Every structure is written in C-alpha cells, then in structure tokens.
Amino acid sequence: MSASESGASRRWRALRRILQALFVVWGAATAAFILLRLAPGDPYATQIDELPIPAEARAAWRAERALDAPLATQYVRWLGNVARGNLGWSTLAERPVADVLVNVLPRTLALMGIALLTSLAGGMLLGAWQGTRAGSTGDQAVSATTLVLYSLPEFWLAMLLLQLFAHGLDWLPATGLVSADYDYLPFRAQVRDRLAHFVLPWLTLSLLGVSVFARFQRSSMLEAWREPFVRTARAKGLAERGVRWHAWRTSLVPVLGVAGLVFPSLVSGAVFVERVFAWPGMGYTTVQAVGARDYEFVTAAVVTGSAMTVIGSLLVDGLLRLADPRVRA
Amino acid sequence: MTAHRPSRTRRLPLATALLAGAALWGCGGDTERPATAGEADAPGGTVFVALIGDPKTLMTPLVRSEHEQAVAEVVYDRLADIGPALDVMDERSFTPRLASGWQWADDSMSIAFTLDARARWHDGAPVIADDVRRTFALYTDPRVLSGTAPLLANIDSVSVRDSATAVFWFKRRAPQQLYDAVHHMYVMPAHRLQDADPANLAASPLSRAPVGTGRFRFVRWSADGRIEMLADTANYRGRPSLDRVIYEVVPETGSAIVKLFTGESDFVAPLMVQSLEQAANTPQVRVHVYPSLRYQLMTFNLRAPGGSRAPHPILGDVRVRRALAHATDNERIVRAVFDTIGQPALGPVPRRALPEGATIRPLAFDTAAARALLDSAGWTTVGADGVRMKDGTRLRLEVLVPGTSENRNRMAVLLQDQWRAVGAELVLQRLEVNALVERLEARRFDAVMNGWNLSPGLVGLRQVWTSLGLDADGSNYAAYTSPVADANVDSTLLTFDPVVRDRTLQRAVQAIIDDAPAIWLVEDRFPAGVHARIDVGTLSPLGWWHGVAEWRIPADQRIDRDRIGLRTTP
Amino acid sequence: MTRHLLTVHDLRVAFATEAGPARAVDGVSFTMNAGETVGLVGESGCGKSLTALSLLRLVPDGGRIAPGSRITFEEQDVLAMPERTLRALRGHRLSMIFQEPMTALNPVLTVGDQVAEVVRVHTTASAGEAWTRAVDMLAQVGIPDPAARARQYPHELSGGMRQRVMIAMALILEPALVIADEPTTALDVTIQAQILELLRDLRDRTGMALLLITHDLGVVAEMASRVLVMYAGEVVEEAPVALLFDAPGHPYTEGLLAAVPTLDSTRERLHTIPGTVPAATAWPAGCRFRDRCAHAWERCTTEPPALAQLGPAHRVRCHLVQEPERRRA
C-alpha cells in the first residue's frame with residue numbers, strides 16, 4: 001500500500017538485489033569449480049580404448065597447469081584470474097575460453113531469445129484461446145497436442161522435425177548455422193541460407209516452449225475466466241473481445257511467474273537441439289566440456305549461465321511488475 | 001581427454017597413431033585407373049564431409065582424434081606411406097611421399113632421407129631437412145606432451161646432413177625402424193614455428209591455420225566449425241582431382257545421415273547400422289564398408305579387484321574363463337548388434353593382420369562344455385534363481401559398460417542372457433567414461449567392455465597382453481601373463497624373418513585365446529555413406545581419410561557446387 | 001401506471017445438475033417504475049441474486065432462462081434482443097453494482113481505466129474525455145483527490161473506496177435502473193452507512209430506479225419504498241415497506257423481521273428461523289416453507305399457495321390469507 005517509497009530505501013533494495021545476484025553467480029561457479037575437480041578424470045586423462053598415458057607425462061602435464069596444487073590454492077588462483085578478466089584456456093577447444101564464449105554465446109542467446117519470445121507469444125495466445133473455450137473440441141485437440149509435445153523428449157522432437165522437414169519434405173536444410181558452401185553464395189542467398197538454417201532449431205524450441213506456456217496460460221485463463229470481474233466486464237456492456245482482454249490481462253501474472261521457472265528447462269532443451277541441429281552454442285559446448293573435464297570452460301560457462309539466469313529472473317521480475325500492480329511497491 | 005566422445009568410442013589411440021597414416025589405401029590411383037577421355041578426367045568438384053565430432057587443433061603433435069587426423073592428413077605429409085598390405089617389415093611395400101628416397105647406413109643404425117626437391121610449403125618456402133629435425137624435436141619435446149612421442153622411443157635423434165637430407169639415428173636395431181621413422185610424424189614447417197611455445201603449442205597460429213605440403217592447402221576454419229581445403233595445384237605429388245573439400249561438424253550421427261540423404265553432405269562415416277537399409281534405397285547414396293584393425297572385447301580382470309596381486313576369486317580360474325567363452329555365441333551377438341557389418345572376433349588380432357592361411361582355433365560356442373568346465377571348477381550348487389555357487393560365493397560378475405556406447409551396452413545385455421543359461425550372473429554397470437577409466441586404472445573391476453585399435457606393427461599386443469603391460473600405468477588391464485604368449489609376442493615384434501614372424505604370431509594368438517583372458521566379440525568394419533557421384537576408390541583400413549586426395553568426381557556427374565572452381569571468395 | 005420501467009413475468013431459471021434440473025428461480029413476476037427503489041430480500045440461495053443477473057442476461061454457465069419467461073425493460077424484450085442491443089443496454093441504461101468490490105474489480109487495471117471504459121464502450125468520447133468524466137464521477141461518489149486515485153489499482157484502495165468505484169462505474173452513464181446486489185455486505189458498519197447514504201443521494205439526484213438486493217431488512221427499511229420477499233425461488237410477499245414492517249403477511253417474513261437486530265434491541269441472541277431451505281432440485285409439493293412454518297397444516301402439504309392479494313398493494317403467498325384463523329398465537 002505504500003504508494004511512495006523513499007529513494008534511499010529503493011537504492012538499498014537495488015543494491016541488495018545486485019549483491020544477491022553476485023552471490024548466486026559466485027556460489028554456482030565455486031560449486032562447479034569444486035565438483036568438476038572432484039569428479040573422476042581430468043582434461044589429460046586416459047580415454048577408454050586408448051593406451052594409457054604414461055604416469056610421468058600425466059604428472060608433467062598437471063604440474064604445467066598447476067593442477068597438482070591443493071584445491072584451495074587452485075581456487076584462489078582461479079578467482080584472481082577471473083577478477084583480472086582472464087577466463088583461462090579451454091582444453092576442449094584448445095583456445096582461450098573467452099574466444100570460445102564469444103563464438104558460442106551469441107548463437108545460443110539469439111536462438112533461445114527468439115524462441116523464448118515466440119514461445120511466450122504463441123503460448124499466451126493459444127492458451128488464452130483455449131481458456132475461454134475449455135472443453136470444446138478445439139480446446140481438447142490443442143490440449144492433446146501440447147501434452148504430446150510437452151512430454152516428448154526434446155531429442156526426439158528435434159529428430160522428428162529433422163526427418164520431416166529436412167528429409168521427408170526437403171523444405172529446410174538439416175543442420176548447421178549455414179550451408180557448407182556458404183562462403184560461395186551471393187549475398188542475398190547467404191541471408192536466405194542463414195534464415196533457413198535458423199528455422200528448425202527455432203521451431204523445435206518454440207514448439208516445446210509454446211506447449212509449456214500454452215498449458216500454463218490455459219489454466220490461468222480458465223481461472224481468470226471464472227473471476228467476478230469478468231462478469232463485471234460483461235455487465236459494463238463490453239463485447240466478448242473486451243471481456244477476454246480483461247481476463248487475459250489478469251491471467252498473465254501467474255504465467256510470467258512460471259516463465260522464470262521454464263527458462264532452465266528451455267536451456268536443457270537447447271542442449272539437445274544444439275546437438276541434433278549442429279548448432280554450436282553454449283549448451284552443446286558446455287556438455288562437451290563437462291565430459292572432457294574442460295575445467296576452465298565449464299566454470300566460465302557456469303558463471304555465464306548463472307548470470308543469464310539471474311538476469312532472466314530480474315527480467316521476469318520486471319515484466320511481472322509491469323503486468324501486476326500488486327507486486328509494485 | 002577431452003572431448004566428448006561420439007556414441008562409439010572411436011578416438012585415435014596411440015596404437016592407431018602407431019600405424020596410422022599408413023598407406024594410402026587405394027592410392028596410387030593414377031596407375032590403377034585407366035585414363036578415360038580427357039574431358040571426364042579434368043579435375044574439379046567439391047566434397048562436403050560431415051565429421052561426427054569437433055576437431056580442436058590441427059597442430060599435428062597434438063592431434064589425437066579421428067576428426068583431427070582426417071583433416072590433418074590432407075594438409076600435411078609423412079616422409080613415406082606404408083603400402084596397402086600394411087606390412088611394416090617389407091621395405092619394398094613403402095611408397096615415397098615427402099622423402100623421395102632413403103638410404104640405410106651400413107650398420108643399419110641410421111637412415112638418411114632425401115627430401116623431394118619439388119616439395120614446397122603452401123606458403124612457397126622450400127622444404128628443407130631442418131623441417132624434419134624440428135618436427136622430431138617438437139614431437140618428442142616433453143613440454144609438448146605429444147601422445148605420439150612414446151611411439152618414437154627408438155629414434156635417438158634426427159640430424160641435418162644437408163638441406164635436402166635428414167638422418168634418423170636409432171637406439172636399437174629393430175624390424176620396425178623405417179616404419180617408426182616415416183609413419184608417425186607429419187612434417188611441420190620449421191620456419192613457421194620459430195615463435196611457438198612448446199608448452200602451449202595449441203596457441204600457435206598453425207594450430208588453427210595449418211601450412212603444410214599436402215595435396216590440399218588450408219583455406220579457412222570458420223567460426224561455425226567448417227574447415228575448408230583447396231587443391232594445391234602446384235603440388236609436387238600432383239594436383240588432387242577434387243578442387244575442394246569442406247569439413248563440417250555434425251555431432252549427432254542421425255543428423256549427419258539425414259544430411260547425406262538430402263545431399264547436404266557427401267560423405268558420412270560411420271553410418272549407423274540401422275540406417276543401412278534406407279541408404280541402400282537412396283539412389284544418390286552409396287555405401288562403402290571399410291575394414292579396420294579395431295576389435296571390441298570384454299576384458300576380464302584376472303586379479304582380485306583393487307590392484308591386489310591375488311587372483312580374482314572367480315576369474316582367476318582359467319576353467320571359469322574358458323567356460324564363459326564356451327557359453328558365448330558371439331556370432332549371434334554380432335549379427336544382432338552389427339548385422340552384416342561386423343565380423344565375429346577370433347582373438348586379440350583381427351583376421352586381416354594374421355598371416356594368410358593362419359589356422360586359429362577359437363573356443364567354440366558349446367554350452368555343454370561350458371557347464372562341464374564350471375562343474376569341474378567346483379561351481380556345482382545351483383541357487384533358486386539358477387545362479388551357480390561355490391563355497392557360498394555366487395557366480396556373479398560385474399561388467400563396466402561405457403555409458404556413451406549403445407552397441408557395447410547391447411552386447412553386454414546379450415552376454416548376460418547367454419551366460420544365464422549356464423548359471424553365471426552378469427551385472428551391467430553403465431558408467432560415465434571418465435569414471436569408467438578411473439576404475440579401470442585402479443583395477444577395480446571384474447570385467448569391462450572395451451576395444452583396441454591395433455597398429456599394423458602390432459606393438460599393441462605387447463602392451464595389452466604381455467607382462468610388459470602389467471605396471472600401474474600399463475594397459476594389460478586383464479593382468480594376463482603367460483610365458484608362451486610373452487615369448488611369442490616378443491619374437492613376433494623382434495624378428496627380422498617374416499616366416500618366423502608368421503609362426504610366432506599364430507602361436508601367441510592361440511596361447512592367449514586358450515587362456516581366455518577376455519571374450520572376443522567383434523572385429524569392426526565401418527560403413528561409410530558416399531554421394532554416388534563421387535568415386536572414392538577403396539577406403540583404407542587405417543581410416544577413410546587416407547585416400548581423399550585420390551577421390552574424384554567425373555565431369556558428367558558434377559553438380560552446381562562442383563563447379564565453384566578454385567576461387568576462395570563468392 | 002401502464003408503462004412500467006421494468007416488467008418481469010414468470011421468470012424461471014434452471015440449472016442442470018446431476019440430481020436433475022434445479023429450479024433456482026421459479027416463476028418470479030414483478031414490476032418497477034422509473035425512479036422507484038425496490039428492495040428484494042431473502043436468505044442466500046433463495047434466488048434473488050440470480051433474478052437480478054437474469055435482468056442483464058448474466059446467468060452463470062449451466063443456468064438457463066426457461067422459455068416463457070419475459071423481461072421487459074424500457075419496452076424492450078430483454079430476453080429476445082440480440083447480443084449487440086443487449087450490450088448497448090448493459091452498463092448504459094441498466095447497470096449493476098456487485099457485492100465484492102475487491103474481486104469484482106479487475107486487479108491489474110487502474111480504477112480510472114475501469115470507470116472510463118464504460119464511457120468509451122458506450123459513447124463516442126475520446127480516451128481523454130472518458131478519463132475526465134471518470135475522474136469527475138469518482139469525485140461525485142466521494143473519492144478524495146480523484147485525479148490521483150484514478151491512477152491507482154483496486155488493491156491500493158480501502159473496501160469502502162472500492163465500492164464507491166463500483167458505484168461510479170455503474171452510475172457514470174446515469175442508467176434508468178441500477179441493480180445493487182448486496183452493495184454493503186462486505187463493508188464494516190460505519191462504511192455501510194456512508195455507502196447507503198451515497199446511493200440515496202445519487203438516486204435522488206439522478207432519478208434512477210434502484211433494485212436493492214439484500215438479506216438485510218434494515219437496509220431495505222432505510223432505502224426502499226417497496227419490498228419483495230423471496231423464498232425458495234419464489235416471491236412470497238410483496239408490500240410497501242411500511243406495511244411490511246408493520247403487518248407482515250407471510251410467516252417467513254415474520255421470521256426475517258424477528259431476525260433483524262435493532263439498535264434498541266436488548267435481545268442477546270437474534271431470532272433465527274428454524275430448519276433449512278429445501279433443495280432446488282426437489283421443491284416439496286405444497287408450500288415450500290411449510291417444514292419451517294409454525295402454522296402449517298394439511299392443506300400446506302398438498303396445495304401450493306398462490307400469491308394472494310392481502311391489501312391493495314400487498315400480496316402474500318400463504319394459505320393463511322384465506323384461513324387466518326389457522327394462525328397460532
């Protein structure tokens with residue numbers, strides 16, 4: 001109810017949120033740092049089916065990278081490097097971690113960002129449409145479809161779409177960011193080529209996202225549809241469209257609330273999508289890096305990922321405040 | 001290290017490196033292929049190769065994975081190639097490559113290689129003997145930590161006699177001296193490595209932009225992972241028939257196969273067995289099955305788990321191991337998992353590496369024999385669940401299965417089923433590969449589903465199946481020793497007499513089979529999917545990438561992308 | 001008296017339930033004149049709110065107004081008119097004040113918007129003009145600092161303020177008839193009095209007719225000139241307000257009156273009518289009140305009483321009208 005809040009306390013609150021966010025990122029990175037080093041293997045470990053690496057060579061390699069130092073020492077050194085902006089060397093890519101990040105991060109952000117937007121928009125429209133027609137044939141058909149999409153493993157869905165659109169119908173290129181001969185295409189064809197390659201990964205993630213959001217939006221809309229203010233809106237003489245808008249506007253609040261929760265599941269979906277569609281982004285690279293015990297890339301990826309999650313949750317908070325005056329203080 | 005492994009664990013073991021790069025199988029195409037009318041033979045064409053994994057560096061001392069090997073092979077040259085017979089002992093079977101010839105010293109303790117005078121680095125610099133010296137120095141520099149270095153252990157040093165002659169000095173007289181000198185190293189451009197830090201070789205520019213002498217020159221490595229190679233038209237060994245090869249990373253085999261079917265990729269290897277039928281029904285795709293020296297097995301631990309020297313309570317008894325071998329119908333397992341692609345394995349050496357006409361007697365599938373052996377070993381009481389017992393111990397073994405390999409999992413499941421029939425219980429333990437290797441190195445296991453890629457020199461036999469591999473970082477995971485096997489493997493590797501070699505090899509293999517330190521499962525053959533317009537000749541057992549410079553596309557079958565020509569910009 | 005503002009004739013509303021149709025409103029007829037205030041009283045569940053909603057054709061899902069029912073408002077057949085005409089009527093000529101101002105207002109829209117929306121829907125006024133009128137109206141319903149309050153959301157206002165907003169919304173276009181469904185129930189006593197005062201004021205100023213639905217006879221006594229008493233889906237008594245309080249004709253009305261707390265009351269406990277209302281799916285034969293009636297005799301079990309004329313403007317649905325001697329002391 002406090003309509004006015006002093007600037008000082010607002011600043012304090014913002015500061016607290018930033019500190020919280022930094023704490024979360026630091027905590028996640030530290031956990032990743034420790035867990036990965038405690039896990040069996042290291043970047044230079046013997047691989048199955050390969051002749052073992054001689055013990056001295058292994059020891060020399062570990063000494064070279066100071067991996068033989070106590071964990072605490074390694075940790076302090078790592079913190080110092082990160083503080084100076086040095087993210088280290090990726091043993092998986094044999095390149096500086098920063099170079100790899102600069103390549104893979106924008107790809108994932110573009111794919112996930114656009115897919116998230118289409119998922120939200122599509123899910124909200126579809127779910128709202130269903131919520132006002134609960135039980136109708138259309139609603140049931142859509143519900144069945146979204147349920148199937150929702151419960152299908154991401155990998156299968158990606159493979160299914162790949163088989164259908166790339167192989168069966170031959171409408172879209174199968175994988176990659178661009179065609180192999182991209183460098184020889186004229187400019188306009190290059191643009192078309194990039195867009196065409198974007199469609200399948202985007203579609204897969206969007207279908208997953210839409211099905212999640214539509215289900216939330218439907219039940220939220222269904223609830224809002226029963227609220228007394230919907231009757232008020234009718235009593236005011238609003239046409240159905242206006243009435244629906246009233247209900248939809250209110251139903252967004254819980255949906256945006258879950259958007260923050262859906263985000264991580266979309267990220268895990270992205271791992272499979274990136275793999276199937278050879279979209280070399282954050283998710284795919286990080287999973288590879290974990291398997292390869294690429295310590296420095298994984299910790300950097302966790303820092304990036306948790307920072308993205310924190311930013312995402314701040315964004316969701318912001319949207320929630322826009323959508324719901326009750327949480328505005 | 002590194003990297004992820006694709007669904008089958010197919011990385012380049014040291015052992016492969018050993019032999020790798022051997023002959024250009026099906027190379028020497030110039031003579032094999034009768035020249036047809038000029039037009040059809042005009043060079044040209046672009047091939048898109050899908051790699052089922054990411055190359056991380058093309059700095060050859062650091063190259064480990066097949067994907068890296070495949071790319072490095074076309075840019076760089078060895079001194080000479082092993083011939084198609086893969087005979088490391090017969091000097092006549094080697095064909096010159098960067099070295100136009102070689103001369104043994106009278107005492108056979110050094111070989112002088114004469115470099116091909118026409119050879120030029122792709123940047124125009126001439127190839128000199130110092131390049132060879134520097135290459136050897138890099139491969140063996142302890143700071144580089146090259147996985148190939150142990151294979152060069154018998155080479156003492158390389159010296160420069162004159163700018164065109166490099167001399168290899170050996171520590172000991174051995175039948176594989178020439179093979180060791182020419183086969184394991186790609187010659188690197190010394191003038192490009194002056195500033196390279198041996199401790200961080202991957203940071204050198206050559207790591208991502210190689211400059212070699214191979215028949216293709218490097219064009220670009222795009223941020224999205226495509227690597228492009230262009231025909232080196234002035235190459236001393238002749239221009240390759242293709243204009244261009246573009247390697248593209250497609251980590252998921254299923255996706256790569258779709259690309260093959262849609263024509264987005266021209267070459268995918270290996271295909272999944274499940275996709276072979278569809279490939280056969282796709283007119284623009286041809287399947288080439290190529291052999292390998294790789295085999296897969298279930299290795300037993302003959303010692304009590306945990307690194308003790310005591311015998312394994314169950315597997316320490318050779319009768320039990322032989323019984324389990326008799327209980328195994330590997331013919332059926334191979335059919336079920338690999339269809340017609342794989343071949344049931346005989347023993348620790350694949351058939352094509354055995355002497356011609358060799359007679360090897362495997363432990364045949366015979367459940368009656370298996371039961372009799374188990375009875376005689378004292379495993380006579382049978383529990384309510386059908387599992388045999390002895391002195392209160394169940395006949396129960398745990399097998400480690402790499403979590404990434406679906407094929408090995410399926411084979412283990414079939415084994416579980418077959419052994420149950422004779423009263424042995426097999427428990428599958430699927431593990432992340434790093435965790436599996438940790439247990440393997442600590443010897444904390446009963447059995448493991450693994451595989452070996454043998455080199456033509458067969459030196460792997462000594463490391464895996466003789467007492468030389470027994471120490472903690474050796475690869476004799478079975479802890480198997482037999483004086484007969486030891487002696488015969490040694491003779492095989494040390495004799496200069498081919499007849500003796502053939503005889504001792506057979507004896508060694510038979511001795512190991514009879515002691516059953518493992519269940520031999522499958523000799524791998526790999527199906528490659530190739531666009532029908534491309535003539536790839538015969539694919540080498542050392543790896544499909546060995547003959548890329550000989551691949552050709554007849555002029556009348558070329559499609560749009562084959563006509564890009566030699567430009568490197570739109 | 002030939003032209004009534006509102007005529008309700010034989011209104012029947014039924015719900016399909018698993019136990020069969022529930023005849024929640026069962027043959028209600030009454031009329032209202034322009035400017036008149038009529039109280040509609042009864043216990044919850046008696047059908048009074050449903051009757052009110054029927055006037056706007058806002059019967060909840062599952063409910064159906066039976067054929068043969070007729071509602072005439074300003075000489076238009078409400079039940080037969082097309083949606084468009086009906087929408088033009090709602091909130092404009094015929095509007096409604098709901099009982100729960102918290103839930104009946106949309107929580108995520110400003111109160112100014114919600115009031116102005118009525119103007120925008122029914123007139124050609126621009127958004128700006130509508131807003132100005134809304135602020136004016138908020139001032140008229142006694143909201144201090146209306147320009148600032150208009151920009152606030154329902155949760156930022158007190159219960160009384162919210163009800164004033166509801167009233168502003170209902171009255172902004174000066175409708176001919178306002179239905180107020182329990183307008184003060186949710187409010188505390190002092191606020192109740194203020195709201196009633198406000199309603200009376202506005203009624204007197206605009207000359208609107210007011211149908212005041214309540215279970216509180218005290219409110220009726222203060223506001224209405226005429227009273228309809230409903231019980232079990234039927235009108236059981238209709239009388240001018242003074243007459244009803246002086247000489248109630250129906251034993252149920254007597255019970256209701258006895259339950260009214262008066263300011264000078266010395267009784268500790270309120271009188272309550274014993275028994276419960278029968279289920280709408282199975283109205284008993286005969287008089288629906290008989291099980292709770294102190295006077296009931298055999299006739300009451302067999303013959304449903306008709307609404308009988310007791311005086312010139314006084315009608316009662318009870319056999320006692322014909323057989324007053326049956327009344328027990």
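Everything in this summary refers to the structure shown in the same document.

Conventions and cut-offs
- Residues numbered from 1 in each chain as written.
- Chains lettered and ligands numbered in written order.
- Predicted model: local features only at pLDDT ≥ 70, side-chain atom pairs only at ≥ 80, totals over all residues.
- Heavy atoms only, no water.
- Helix = DSSP H or I, 4+ residues; strand = E, 2+ residues; numbered from the N terminus.
- Rg over C-alpha atoms; globule rule 2.2 N^0.38 Å.
- Contact = heavy atoms within 4.5 Å.
- Lys, Arg positive; Asp, Glu negative; His and termini not counted.
- Charge placed at Lys NZ, Arg CZ, Asp CG, Glu CD.
- Buried area = accessible area lost by both parts, 1.4 Å probe.
- Salt bridge = Lys/Arg side-chain N within 4 Å of Asp/Glu carboxyl O.
- Polar contact = N/O pair within 3.5 Å; in protein donor to acceptor, adjacent residues only side chain to side chain.
- Nonpolar A, V, L, I, M, F, W, Y, C, P; charged D, E, K, R; others polar.
- Buried < 20%, exposed > 50% of the residue type's maximum accessible area, 1.4 Å probe, protein only.
- Pairing = 2+ DSSP bridges.
- Axes fitted to C-alpha atoms, helices over the stretch in contact; angles between N-to-C directions.
- Phe/Tyr/Trp six-rings, centres within 6.5 Å; stacked < 30°, edge-to-face > 60°.

A few points about the overall build of chain B
Here is step 1 of the chain: Secondary structure assignment for chain B yields 16 helices and 20 strands.
Here is step 2 of the chain: Against the compact-globule benchmark of 25 Å for 570 residues, chain B has a radius of gyration of 25 Å, which places it among compact chains.
Here is step 3 of the chain: Its C-alpha atoms put chain B at 75 × 60 × 45 Å along the principal axes.
Here is step 4 of the chain: Long-range pairs, those at least 24 residues apart, make up 71% of the contacts in chain B with a sequence separation of at least 6.
Here is step 5 of the chain: If the 64 positive side-chain charges of chain B are averaged to one point and the 66 negative ones to another, these points end up 2 Å apart.

Description of the interface of chain C and chain A
Here is step 1 of the chain: On the side of chain A, 22 residues touch chain C, which itself brings 25 residues to the contact.
Here is step 2 of the chain: Roughly 2200 Å² is buried in total at the junction of chain C and chain A, and carbon and sulfur atoms are behind 64% of that figure.
Here is step 3 of the chain: At the junction of chain C and chain A, the tally comes to 1 salt bridge.
Here is step 4 of the chain: Linking chain C with chain A are 9 residue pairs in polar contact (both at pLDDT 80 or more), by the criterion used here.
Here is step 5 of the chain: Elements supplying a minimum of two residues to the side of chain C that touches chain A: α3 (101-104), α4 (111-122) and α7 (159-171) of chain C.
Here is step 6 of the chain: Among the elements that take part in the side of chain C that touches chain A, α4(C) stands out by supplying 5 residues, more than any other.
Here is step 7 of the chain: In the side of chain C that touches chain A, the residues fall into 14 nonpolar, 7 polar and 4 charged.

Some thoughts on the pattern of salt bridges
Here is step 1 of the chain: Taken as a whole and judged by the stated rule, the model has 65 salt bridges over all chains.
Here is step 2 of the chain: Between D141(B) and R143(B) there is a salt bridge whose closest N-O contact spans 2.9 Å.
Here is step 3 of the chain: A salt bridge links E323(C) to R299(C); the nearest nitrogen and oxygen atoms lie 2.7 Å apart. Taken together, the residues span a long stretch of sequence, with E323(C) in the segment after β13 (314-317) and R299(C) in helix α12 (residues 298-302) at a distance of 24 residues. When sorted by exposure, E323(C) lands in the same class as R299(C), which is buried.

Remarks on helix α9 (residues 318-326) of chain B
All names here are of chain B.
Here is step 1 of the chain: Those residues of α9 lying buried are V320, R321, A323, L324, A325 and H326.
Here is step 2 of the chain: Each element contacted by the buried residues of α9 is listed here: β12 (285-300), α11 (367-376), β17 (396-402), α12 (406-420), α16 (498-515) and β20 (518-531).
Here is step 3 of the chain: Measuring from the side-chain oxygen of the N-cap residue of α9 to the backbone nitrogen of R319 gives 2.8 Å; that N-cap residue is D317.

Focus: unusual backbone geometry
Here is step 1 of the chain: A cis amide bond links A269(B) with the next residue in sequence, P270(B), at an omega value of -10°.
Here is step 2 of the chain: Here the phi dihedral of L86(B) falls at roughly 55°; this positive angle occurs in a residue that is not glycine.
Here is step 3 of the chain: Examined against the element boundaries, L86(B) turns out to sit in the loop between β2 (80-81) and β3 (95-96).
Here is step 4 of the chain: Of note, the phi angle at E75(C) is positive, near 65°, even though the residue is not glycine.

Comments concerning the sheet that holds strand β6 (residues 155-162) of chain B
Residue and element names in this part refer to chain B.
Here is step 1 of the chain: Pairing is antiparallel across the open sheet formed by 4 strands, whose spatial order is β4-β5-β7-β6. Lying at the two open borders of the sheet, with one neighbouring strand each, are β4 (99-104) and β6. In this sheet, neighbouring strand axes are inclined to one another by 25° on average, regardless of whether the strands run parallel or antiparallel.
Here is step 2 of the chain: Pairing between β4 and strand β5 (residues 110-115): 5 bridges, direction antiparallel. Within β5, the position partnered with W102 by the bridge is F113.

A short note on the packing of aromatic side chains
Here is step 1 of the chain: Within the structure shown, the criterion is met by 24 aromatic pairs over all chains.
Here is step 2 of the chain: For the ring pair F23(A) and W26(A), a centre distance of 5.7 Å and an interplane angle of 40° mean the geometry is tilted. Linking F23(A) with W26(A), this pair stays in helix α1 (residues 7-38), spanning 3 residues, or about one helical turn.
Here is step 3 of the chain: On the accessibility criterion, W26(A) (42% relative accessible area) is partly exposed.
Here is step 4 of the chain: Ring geometry for Y231(C) versus Y252(C): centroids 4.6 Å apart, planes at 50°, classification tilted. Remark: Y252(C) occurs in helix α11 (residues 251-258) and Y231(C) occurs in strand β10 (residues 226-231); sequence separation between them is 21 residues.

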